[in-house]
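# Coordinate inspection notes
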Amino acid sequence: MQGKTTKIIEGIKAVIGKEEQLSPSPFMNWLKPVAVAAEYGSLTFEYKIREEMTNPMGHLHGGVIAGIIDDIMGATVYSLEKSAYFVTVNLSVDYFAPAVLGDVIRATTKVVKEGKMVINVECELWHPHKKRLLAKASSNLMRMH
């Protein structure tokens with residue numbers, strides 16, 4: 001996969017460091033990711049934790065963590081520019097540490113196995129300044145006909 005690229009990946013690279021709302025996903029646009037890196041089979045985005053993303057304890061809500069992970073995994077597969085859409089068929093998330101209002105967190109994906117019908121993706125969510133792993137996930141996305 002090293003060295004391969006697509007128009008979508010090149011488009012993401014063109015907006016690295018900027019908060020852009022170019023996604024066809026309204027949910028991704030609500031998350032307001034900032035692209036950090038884009039390669040074939042791997043994306044890295046940062047997210048600033050806003051109040052509407054927190055739970056009553058002021059921590060990043062677990063459902064939002066799962067949403068961030070699912071969304072960037074979907075974007076990773078979308079960036080491969082396959083001839084069909086792929087949808088999440090399972091998502092396993094392990095939660096390790098909290099993030100709080102105002103924190104900036106970083107999600108990085110990696111395609112583990114790129115099949116014709118199923119693509120397996122992993123994601124790690126980090127607090128880059130504290131060098132702390134917040135969550136880790138794996139997912140299978142299946143081709144839709």
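For the structure, see preceding data.
The structure presented is a predicted model; accordingly, all values stated were derived computationally and were not measured.

## A short note on a nonpolar patch on the surface
There is a patch of nonpolar side chains on the surface, built from Tyr78, Tyr85, Val87, Val89, Met117, Val118, Met142 and Met144 and spanning about 720 Å² of accessible area. Residue Met144 is classed as partly exposed on the basis of its relative accessible area, which comes to 38%.

## Some points on the nonpolar core
One broad rule of soluble globular proteins: the nonpolar side chains tend to lie buried together. Counting residues in hydrophobic clusters, the biggest one holds 38 residues, and the most contacted among them are Phe45, Tyr47, Leu60, Ile68, Ile69, Ile105 and Leu125. When residues in this core are grouped by element, the largest group, nine residues, is from helix α3 (residues 62-78). Beyond its immediate chain neighbours, meaning those up to four positions away, Leu60 contacts Ile49, Met53, Thr54, Asn55, Ile65, Ala99 and Ile105.

## Re α3
Helix length check: α3, at 17 residues, gives a terminal C-alpha distance of 24 Å against a target of 24 Å (1.5 Å per residue), a fit within 8%. Burial analysis of α3 places 12 of its 17 residues in the buried class, the great majority of the element. Within α3, the full set of buried residues consists of Val64, Ile65, Ala66, Gly67, Ile68, Ile69, Asp71, Ile72, Met73, Ala75, Thr76 and Val77. For α3, the elements touching its buried residues are α2 (26-31), β2 (42-48), β3 (86-95), β4 (104-114), β5 (118-127) and β6 (132-143).

## Quick notes on the environment of Met53
Secondary-structure assignment places Met53 in the loop between β2 and α3. Relative accessible area serves as the criterion here: at 0%, Met53 is assigned to the buried category. Spatially, the C-alpha atoms of Met53 and Val100 are 9.3 Å apart, while their sequence positions differ by 47 residues. For Met53, the contacting residues outside a window of four places in its chain are Trp30, Leu31, Lys48, His59, Leu60, His61 and Val64.

## Let's talk about unusual backbone geometry
We note that Lys32 has phi near 55°; this positive angle belongs to a residue other than glycine. Note that Lys32 resides in the loop between α2 and β1 (34-39). For Lys32, a relative accessible area of 30% gives the class partly exposed. Of note in this structure, Glu81 is not a glycine but carries a positive phi near 55°. For Glu81, the position within the fold is in the loop between α3 and β3. Taking the relative accessible area as the measure of exposure, Glu81 reaches 38% and is therefore partly exposed.

## Some remarks on the pattern of salt bridges
Throughout the structure, instances matching the rule amount to six salt bridges. With a closest N to O distance of 2.5 Å, Arg106 and Glu46 form a salt bridge. Here Arg106 is found in strand β4, whereas its partner Glu46 is found in strand β2, with 60 residues between them in sequence. The class of Arg106 is partly exposed, set by a relative accessible area of 29%. On the basis of relative accessible area, Glu46 is assigned to the buried category, the value being 18%. For Glu52, the salt bridge identified is with Arg50, shortest N-O distance 2.7 Å.

Basis of the calculations
Residues numbered from 1 in each chain as written. Predicted model: local features only at pLDDT ≥ 70, side-chain atom pairs only at ≥ 80, totals over all residues. Heavy atoms only, no water. Patch = residues over 30% accessible without salt bridge, like charges linked within 9 Å, V, L, I, M, F, W, Y side chains within 5 Å. Areas by Shrake-Rupley, 256 points an atom, 1.4 Å probe, with all protein chains shown as cover. Salt bridge = Lys/Arg side-chain N within 4 Å of Asp/Glu carboxyl O. Buried < 20%, exposed > 50% of the residue type's maximum accessible area, 1.4 Å probe, protein only. Core = buried A, V, L, I, M, F, W, Y, C linked by side-chain atoms within 4.5 Å. Helix = DSSP H or I, 4+ residues; strand = E, 2+ residues; numbered from the N terminus. Contact = heavy atoms within 4.5 Å. Expected span 1.5 Å × (residues − 1).

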